[in-house]
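Working through the structure, step by step
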Amino acid sequence: MSGIATAAPNRAAINPLREGLRLEQTPPPCTMVIFGVTGDLTHRKLMPSLYELVVDTPLPASFSIVGFARRPWDDEKFRTEMQTAVTAALKDQVDTAGWQSFAQRLSYVSSNFDDPAGYQRLKEELDRLDQERGTGGNRIFYLATPPSYYPIIINNLKAAGLAKRAIPTDADQHGWTRLVIEKPFGHDFPSAQALNNEIAGTFSESQVYRIDHYLGKETVQNLLVFRFANGIFEPIWNRQYIDHVQITVAESIGIEGRGEFYEEAGALRDIVQNHMFQILSLIAMEPPGVIDERSVRDEKVQVLQAISPLRGATIATDVVRGQYGPGWVGGAVAHGYRQTNGVAPDSSVETYMAMKLRIDNWRWAGVPFYLRTGKCLPQRTTEIAVQFNRVPALLFAGSGTMPPEPNVLTLRIQPDAGISLRFAAKVPGAEMQIRSVNMDFFYGTAFSATGPDDYERLLLDCMRGDQTLFARRDEVEQAWTIVTPILEYWARQPRPIFPNYEAGSWGPPEADAIIERDGRRWRRL
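Within every chain, residues take consecutive numbers counted from 1 along the sequence as written. In keeping with the model being predicted, local features are shown solely for residues with a pLDDT of at least 70 and side-chain atom pairs are shown and tallied solely at 80 or more, while totals for entire chains, interfaces and linings include all residues. Note that water and hydrogens are dropped before the side-chain values are worked out from all heavy atoms of the structure.

1. Regarding the overall build of the chain
Test applied: Note on conventions: DSSP H or I runs of at least 4 residues are helices, E runs of at least 2 residues are strands, and numbering of each starts at the N terminus. Relative accessibility decides the category of a residue: with a 1.4 Å probe and only protein chains considered, values under 20% of the type maximum give buried, values over 50% give exposed, and everything between is partly exposed. Contacts are assigned to residue pairs with any non-hydrogen atoms lying within 4.5 Å of each other. Each accessible area is a Shrake-Rupley result for a 1.4 Å probe, and residues are judged covered by the shown protein chains and nothing else.
Secondary structure assignment for the chain yields 17 helices and 18 strands. Along the longest, intermediate and shortest principal axes, the C-alpha atoms of the chain span 85 × 55 × 55 Å. Expressed as a percentage of the 525 residues in the chain, the buried residues total 53%. Counting contacts in the chain only where the partners sit at least 6 residues apart, residues at least 24 apart contribute 78% of the total. For the chain, the accessible surface area stands at approximately 23,000 Å², while carbon and sulfur atoms represent 52% of it.

2. Describing a nonpolar patch on the surface
Here is the rule we go by: Without a salt bridge and with relative accessible area above 30%, a residue can belong to a patch; like charges are then joined within 9 Å and nonpolar side chains (Val, Leu, Ile, Met, Phe, Trp, Tyr) within 5 Å. Whenever Lys or Arg places a side-chain nitrogen within 4 Å of a carboxyl oxygen from Asp or Glu, that contact is recorded as a salt bridge.
Where nonpolar side chains cluster on the molecular surface, the patch consists of Phe423, Val437 and Met439 and spans about 240 Å² of accessible area. Position of Val437 relative to the elements: it lies in strand β17 (residues 434–442).

3. A word on the confidence of the model for the chain
Operational definition: The predictor attaches a confidence to each residue, called pLDDT, with possible values from 0 through 100.
Of all residues in the chain, 91% attain a pLDDT of 70 or more, and the chain-wide mean is 88. Of the regions scoring below 50 in pLDDT, residues 1–17 engages in 40 contacts with residues more than four places distant in sequence or in other chains.

4. Overview of the packing of helix α3 (residues 40–56) against helix α5 (residues 96–103)
Selection criterion: Throughout, an axis means a line fitted to C-alpha atoms (over the contacting stretch in the case of helices), and angles, computed between N-to-C directions, take values from 0 to 180 degrees. With respect to orientation, any angle under 35 degrees is reported as roughly parallel, any angle over 145 as roughly antiparallel, any angle of 65 to 115 as roughly perpendicular, and every other angle as oblique.
Where α3 contacts α5, the two axes come as close as 10 Å, and the packing angle between them is 105 degrees. With respect to α5, the axis of α3 lies roughly perpendicular. Along the contact surface, α3 presents Met47, Leu50, Tyr51, Val54 and Val55, while α5 presents Gly98, Trp99, Ser101 and Phe102.

5. Here's the deal with the pairing of strand β1 (residues 31–35)
Heads up, the condition is: Strands are treated as partners if at least two bridges between them are detected by DSSP. For crossovers, right-handed means that the path from the first strand over the helix to the second runs clockwise, given strands pointing away from the viewer.
A large share of β1 lies buried, amounting to five of its five residues. Here β1 shows two buried faces, one formed by Thr31, Val33 and Phe35 and the other by Met32 and Ile34. As judged from the five bridges shared by β1 and strand β2 (residues 64–69), these two strands associate in the parallel manner. Within β2, the residue paired with Met32 across the bridge is Ile65. Handedness of the crossover joining β1 and β2 through α3: right-handed. Of the strand pairs in this sheet, β1 and strand β4 (residues 139–143) are connected by five bridges, and their pairing is parallel. Paired with Thr31 across the strands is Arg139, a residue of β4.

6. Remarks on the side chain of Ser281
Take Ser281: it is sitting in helix α11 (residues 266–284). With a relative accessible area of 0%, Ser281 lands in the buried category. Ignoring sequence-local partners within four residues, the contact set of Ser281 consists of Lys300 and Val303.

7. Points about the pattern of salt bridges
Pairs can form between side chains of opposite charge whenever their charged atoms are close. A full pass over the atoms with the stated rule returns 28 salt bridges. With a shortest N-O distance of 3.0 Å, Arg457 and Asp461 are connected by a salt bridge. Placement of the pair is Arg457 and Asp461 together in helix α15 (residues 454–464), with a separation of four residues, close to one helical turn. Each member of the pair Arg457 and Asp461 is classed as buried. The partner of Arg473 in a salt bridge is Glu477, with the nearest N and O atoms 2.8 Å apart. Of this pair, Arg473 and Glu477 both sit in helix α16 (residues 473–492), separated by four residues, roughly a single helical turn. Salt bridges linked by common partners bring Lys123, Asp127, Asp130 and Arg139 together as one network.

In structure tokens form, the structure reads like this:
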């Protein structure tokens, strides 16, 4: 147990936002099987989050975790590796008693993903846990593998009798089965549809949890509360008062050793199609009848359905892609994308995307939504900026002062999560001078904490059977119908002249034209 502190702080006492997890419904006993458990996602996110849930949240004592991967480990080796991962992620928050309680829940099955014998061994292990620990036949299969393995694992689960389909009228008392799938959910519309058809052949949609960690972030969830629990905002949340909306997901780092992955993804697939569209749909959706999984997801899908299709001429003017070259970020030299391991020396993969979207419905007609995301930008930030219409300048025209800047409501998701409202105020003095000032709210200041990790929230929701924060099939496919024409258009065009922006800059100059030709400009972050 080297490297583990002998005592841990009382995290529930110092982080009151974690109490929200405690006060909600305790999930039933279950076993979570993680396929690809030796990978980076498990080490960095899944296992630390599961440890936090076991130690800080009232999970049943019988909750168990089974790792499934190719490495020839046994249970003890698996526990040792996971101890190292959890300690590296949580450091002094891991104590001896907590780890011992967690470790006894871990077991391991070594197998290739396409070996039927491995699934038989998995079945025997799950049956043992049902009998010895009382997990009740409740199982979560988490696919933390490359997407190419999804159909292989699903088909083998079915062949081994482990993929029990949910039937709404079934009074089966032998437990439930759920499937968690990591993004990307396909690489274009046909592949996403094919994957969903593959899944639907084995699992009911009510069993499928397509996970996007952005929806687990406390500040993203707060968008619903901000919009629908405050009577002063919803009446002005429409085309009569809002001039435009900007959504920015900026990263100061580059590819960070993920060259091979990024060569197949790019910014459009990696960020826009999932993270940014999730944020967009929450900002633009109509009020649901109730806050439940069906109503919220119905409204999100309707937003995506209302987005005006992007076709050839529109793509040429309203979509810009870029790729960073060498430069400076944070005072340090940054290599260009093409100098990253795993990246082709003449790669045409985009590391930057900017686009203008239109939502053709009663609420948003005529209000443009500007989206931008990129790697190796000057700073890391994710925010939504809602700019309201300008006031008539006539009232202060004779005072010699500049017209007031428009009001802007900014919702910061990361870092420094919070909300800011910019409004005009008079500068003290005899003359009429107007200056914009900010009224700020910070999560860390208001609540002395930032809430549980995004994976903690989503894993717990899956155990409870709550799909509200998970993507539904029609939502995924609708998002791809917006993105796929852009990919097809790019495939028909000559290779772009890349790189076209320096690392440490705010992207290619063409991105400025998207918004400036409308008489607007990107926010300075």
